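So you can see what is in the structure, the chains are spelled out below.
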Amino acid sequence: MLHNKSFVKKTKSGKVMKQVREHYLRDDIYCGASICKKCDSSVARLGASTSPILVLDTNVVLTQIGLLENSAIDDVVMLSVVLDEVKNKNLSVYNRVRALCSNPLRRFFVFSNEHHKDTYIKDMSGESKNDRNDRAIRVAAQWYQNHLGGATRVLLITNDRENRRKAIEEGIGAETIESYVKSLGQTHLLDLLVQSANEDANMEDVEDLRPSKRKVLYSEHKPMSEITSGLHRGIYHQGKLRVNRYNPFEAYVGSESIGDEIIIYGRTNMNRAFDGDVVAVELLSRDQWHEEKSLTIADDEDDEEEDVHLVPGSADDAPRAASVLQGSSGDSSSSSPRPAGRVIGIIKRNWHSYCGSLDPMPMPAGSGGIAYALFVSKDRRIPKIRIQTRQLENLLDKRIIVAVDSWDRLSRYPSGHYVRSIGEIGDRDTESEVVLIENDINSRPFSSQVMTCLPPLPWSVSPVDIANPIRQDLRHLNVFSVDPPGCKDIDDALHCTALSNGNFEVGVHIADVTNFVHPGTALDDEAAQRGTSVYLVERRIDMLPKPLTEDICSLRADVERLAFSVIWEMTPEADIVSTSYTKSIIKSSAALSYVEAQARMDDSRLMDPITRDLRNMNALAKKMRLRRIERGALTLASAEVKFQIDTETHDPLDIGMYQIREANQMVEEFMLAANVSVAEKILKHFPLCSLLRRHPTPTKEMLEPLIRTAVAVGLDLDVSSSKALADSLDRALGDDPYFNKLIRILATRCMTQAVYFYSGDLSPPEYQHYGLAARLYTHFTSPIRRYADVIVHRLLAASLGIFKLPTLFLDRPKLTTIADNLNYRHRNAQMAGRASVELHTLIYFKKRPTDTEARIVKIRSNGFIVFVPKFGIEGPVYLTGKSEKQSGEWFVDEQEQKIKKLDGSITYNILQAVRIHMEVVEPQPNRPKLQLTLL
Amino acid sequence: MEFVTPEGLRQDGRRPRELREMRAEIGAVSKANGSAVFEMGNTKVLAAVYGPREVQNKSQQMSNQALVRCEYTMANFSTGDRMRKPKGDRRSTEISLVIRQTMEECILTHLMPRSQIDIFVQVLQADGGTRSACINAATLALADAGIPMRDIVTSCSAGYLNSNALLDLNYVEDSAGGPDVTVGFLPKLDKVTLLQMDAKLPIDVFEDVMELAIEGCKAIATYIRNVMLEHTKQLEYHRDG
């Protein structure tokens, strides 16, 4: 079965070297058509239907991947030569094609033409790589035609004119993708077609449709060769472009070559780069750095303004530190300006599809024809996108997904095509769906492969589990859980027994998820991919299938469950005498809510065992907490809000701050302790591959806004260490009861988020968790809803010698990508949660215009940003109307952080309380937004 | 890097459990007592055996068994860059030792006391798996020299890339940095005489990979046996003719 032919190929890698690779040609590669009688049809994917078999050219795959993902296109042969070309040109498209090929619901077949004895072709002298590949595609198409005889039609789909001409000459049926799609007779498919236009290239060929409007808006991108040499010589700088979330006309490029961020002002300087693109930047001359800055304030070409949004939870969510104020105060003595630059070329595009809606526009006369429309992404960092559609009337009030195709120098906006629609704008389900899509959250039901990994239901602890020597039987212990009300995925439970020597035995029992989720299974892969459960206001998107989440793993009351336990012996002073770790079987005696637990502790008449244990634990927890705070742990405040949701309509009924009780703090304390204990244990055994969580120390610049605010209100904050900061936060007591919390909230948003990492990637001093003032920290206590905990469970089990460490842990680069994915998913889950709260806030206030108290947290040139403690939201209040742009009568005092009316009659200080009116307005139809006005 | 496509083909078109094409020729160097050329794909090795003969350095002479010496060299033109290869560097010293020990194990040295057997192996073209090819070539050359052996010893490598056990790695796969298990095997006696690996591999995976390498050794043994039979037939034919 081995046909052997070795061939010679030359590659250049610095110097010319002759390389010889073997290339085996085979006769056991099958065509994959189920109607074929010659081939082994067990692997056949192509259907027996009458529709033709499509052989795609590379250019079609590269440009029309969105169309291919539509289920109307099927019976496709992917040639390996095409796949290779796609892989070299665009890895993300390649991954999407691969996903299609492995999807059992789609009829995509990969034909390894390069290794088939009849379809392999030798290079001809003087033939370019492209021509050779085109020829290979034609040969393969012809082979299919001959191989299948007349049984079915074989169509070569190519948009390359030359290739199609040659194919037809050779007697192969060939069509362009446009004509093929037209022949299918489904108009909605036509919208999915990408209009082929190459940016920069063949600019002259573009027909001058509207000569008056066709002027060059952007400078040309430099060719790749020039960029590479420029990067070498240090005149260009490479980096990822990050568009400011709060001002889409401002972007940052983090450049390693100059060790600072380069600011890019305005769309012209961004030169068609999108958020996330890897770009090459040229620095502007130094004298332009400032000038540009002051320009941006006036340069509000679209009426972009800030929306009301949730209070940022950390510095990552907050607007960038570079405030507009610095520009307006404009004295050059203030810190040296950041370098500004302009994009001269794009090294790697980060184009994908975006969620949003069409700009409202009147229906063009003679509906039904092709109409051009402007698409506005929900993500404000993305510019408007021009699309072509045949179903404008359907799409106008829909949320739709649009993919970007190209952006040429002559058009202000990039052009793209419609992918699919999600639903009506403003509809809660649609908007929730948008939140999920925007944050790249997979909310599809679990596949059947994943479901087959689950143990059969109803599940209960089996005698095998009880007899298992690695499992300690802890069913006699008085274990209970404390969770938010209505919690179904209970992953932690506690117990506390007084010992005869006066000490306490305290146990934290965590659901033993790894007993059911085994490495290498589809279930594990899916969970690793999802990374975390996502909590939206009205629904939860699970990381693990429901039977595991709510039943088998959930440590519910009065049922026997498998657990992974950390058990300490503690003195009454809460010093840990000894720690042990074991897999166990427990039987929870009560699943309490925080409120219930608190009520039991407070009710002095109750003396039952659970209440007694609760009180003991609470006493221990208080001591642990105190010690932790003494060590320098920060007590930061967040403005979490809680909705009361109507069970029928799922509309929010009430909104209020989330109340934190002693019981919450008690549970939190023990979970922290368990995490720290586990982190120490796994790091001891696996110093190179332990998954830990670190919280970097905030830099001076990050704390800058906090200090500035503090100084303005006459507060002296010491930020030299977390301990110093914690102490000075404790001292920050104004005459106003809310003052301390407000300062803490401001401090919280200066911090970055904690991140997962593998111990081998960093040195031990960097492991530190700043916020908790812990040397080591990890996540162990929520394996049902976080994949990081699943990994840590496996590490802990391996360190106890119960199970072998999965082979994956030997693969360092793989581990790093897993940690990166966990961080990405974690962050997205948080963003989605926030977006969901924002959405419900909007729905809530739609019917209820409210007057309330707010605090000024930031001064702007034409108003200020207020924080509404009661609802946990933040938004702009304008002192000057939009039309009277020049805020002549208002004067901003940078030093004192206040804004004054010029005649001195009114002054607003930072942190001052103001009364505001909150109301939902609709400046444009279907675009509701929350507006805050001063009373 | 993708070393095995989802269709189950390696970069050179083989399936994971397939050997490269082999070719062997006995008697390539007429001066030597026995010689052979052995090819595994693009790896080409020449082996020449001298002896049993008088021990050159009397101090090394052993009264109860023969002295086996082995020298491994790589031709300057064996790799793409045509660099001058220093003699006796670490790598070739190590491979010389490995080959000597493997061959010593199957030669009946006690039958030839106070004598010396020299094995020279030279890599003419390298494309991964030179160590295995050298052992296979040496086996053929020893057989050609008529040196008494317990069994023929064959060798094959196997690796583990992209969660796939791969047989007979070529240069590209070898330099991917994954584990590479080289096994020397006595097929008749069903014994492993050489086992080398230079990476970490979990024990259960390792067993699969080693099993695969042994399968490869057995296939090579069958091939080598046929080559020797064919060669013997030729000799017989020439003598009769």
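These numbers come from a predicted model, not from an experiment.

S.K.: Hey, could you run me through the environment of Pro 698 of chain A in this one?
M.R.: Residues and elements named next belong to chain A. Within the element layout of this structure, Pro 698 appears in the loop between β29 (691-694) and α22 (700-712). Put simply, Pro 698 and Met 751 are 53 residues apart on the chain and 5.8 Å apart in space, counted from C-alpha to C-alpha. Setting aside chain neighbours within four positions, we find Pro 698 in contact with Leu 703, Cys 750, Met 751 and Tyr 770.

S.K.: Would you mind going over the nonpolar core with me for this structure?
M.R.: Taken as a class, soluble globular proteins show a tendency for nonpolar side chains to be buried jointly. In terms of nonpolar packing, the biggest core is built from 88 residues, with Val 506, Leu 548, Trp 568, Leu 614, Phe 670, Leu 691 and Ile 791 of chain A touching the most fellow members. Those residues in contact with Ile 791 of chain A, other than ones at most four positions away along the chain, are Leu 691, Tyr 758, Phe 809, Ile 818 and Leu 822 of chain A.

S.K.: When you look at the packing of aromatic side chains in this model, what are you seeing that I'm missing?
M.R.: The geometry of an aromatic ring pair is captured by two quantities: the separation of the ring centres and the angle between the planes. Residue and element names in this part refer to chain A. Evaluated as defined, the whole model comprises 13 aromatic pairs over all chains. Ring plane angle 90° and centroid distance 5.8 Å describe the contact between Phe 274 and Trp 407, whose orientation is recorded as edge-to-face. Here Trp 407 lies in the loop between β17 (398-406) and β18 (415-424) and Phe 274 lies in the loop between α10 (266-270) and β11 (278-283), a separation of 133 residues in the sequence. Taken as a pair, Phe 274 and Trp 407 share a single burial class, namely buried. An aromatic cluster is defined as three or more aromatic residues linked by ring pairs; in this entry it consists of Tyr 218, Phe 274, Tyr 354 and Trp 407. Geometry around Phe 446 places Arg 530 over its ring, the cationic atom sitting 4.0 Å from the centre. The ring of Phe 757 has Arg 694 lying over it, and the distance from NZ or CZ to the ring centre is 6.0 Å.

S.K.: Would you mind showing me how to read the interface of chain A and chain B here?
M.R.: A common measure of how large an interface is: the accessible area buried when the components associate. The interface of chain A with chain B comprises 22 residues on the first partner and 25 residues on the second. Summed over both sides, the interface between chain A and chain B buries roughly 1,900 Å², with carbon and sulfur atoms accounting for 49% of that surface. Of all residues in chain A, Glu 22, Tyr 24 and Arg 26 of chain A bury the most surface against chain B, accounting for 27% of the area lost on that side. Inspection of the region where chain A meets chain B yields five salt bridges. With a closest N to O distance of 3.7 Å, Lys 804 of chain A and Asp 204 of chain B form a salt bridge. Linking chain A with chain B are seven residue pairs in polar contact (both at pLDDT 80 or more), by the criterion used here.

S.K.: Looking at this structure, I do not really get the sheet that holds strand β9 (residues 191-197) of chain B. What am I missing?
M.R.: Across a sheet, paired strands are connected by hydrogen bonds in the backbone, their directions being either parallel or antiparallel. Residues and elements named next belong to chain B. Taken together, four strands build an open sheet; the order of strands is β7-β6-β8-β9 and the sheet is antiparallel. Each edge of the sheet is formed by a strand with only one pairing partner; in this case those strands are β7 (164-167) and β9. For this sheet, the mean angle separating the axes of adjacent strands, direction not counted, is 25°. Bridge analysis of strand β8 (residues 180-186) against β9 gives six bridges, and the strand direction is antiparallel. Within β9, the residue paired with Val 181 across the bridge is Met 197. Across the sheet, helix α2 (residues 130-145) lies against β6 (154-161), β8 and β9, angled at about 165° from β6, the strand it touches most.

S.K.: What's the story with the pattern of salt bridges in this structure? I'm lost.
M.R.: A side chain of one charge can pair with a side chain of the opposite charge if their charged atoms are brought near each other. Residues and elements named next belong to chain A. In this structure the tally under the stated criterion is 59 salt bridges over all chains. A salt bridge links Arg 342 to Glu 282; its shortest N-O distance comes to 3.0 Å. Residue Arg 342 is located in strand β13 (residues 341-348), and its partner Glu 282 is located in strand β11; the two are separated by 60 residues in the primary sequence. On the accessibility criterion, Arg 342 (25% relative accessible area) is partly exposed. For Glu 282, a relative accessible area of 23% puts it in the partly exposed group. In this structure, Arg 600 engages Asp 608 in a salt bridge whose closest nitrogen and oxygen atoms are separated by 2.9 Å.

Definitions and limits used
Residues numbered from 1 in each chain as written. Chains lettered and ligands numbered in written order. Predicted model: local features only at pLDDT ≥ 70, side-chain atom pairs only at ≥ 80, totals over all residues. Heavy atoms only, no water. Helix = DSSP H or I, 4+ residues; strand = E, 2+ residues; numbered from the N terminus. Contact = heavy atoms within 4.5 Å. Core = buried A, V, L, I, M, F, W, Y, C linked by side-chain atoms within 4.5 Å. Buried < 20%, exposed > 50% of the residue type's maximum accessible area, 1.4 Å probe, protein only. Phe/Tyr/Trp six-rings, centres within 6.5 Å; stacked < 30°, edge-to-face > 60°. Lys NZ or Arg CZ within 6 Å of the ring centre and 35° of its normal. Buried area = accessible area lost by both parts, 1.4 Å probe. Salt bridge = Lys/Arg side-chain N within 4 Å of Asp/Glu carboxyl O. Polar contact = N/O pair within 3.5 Å; in protein donor to acceptor, adjacent residues only side chain to side chain. Pairing = 2+ DSSP bridges. Axes fitted to C-alpha atoms, helices over the stretch in contact; angles between N-to-C directions.

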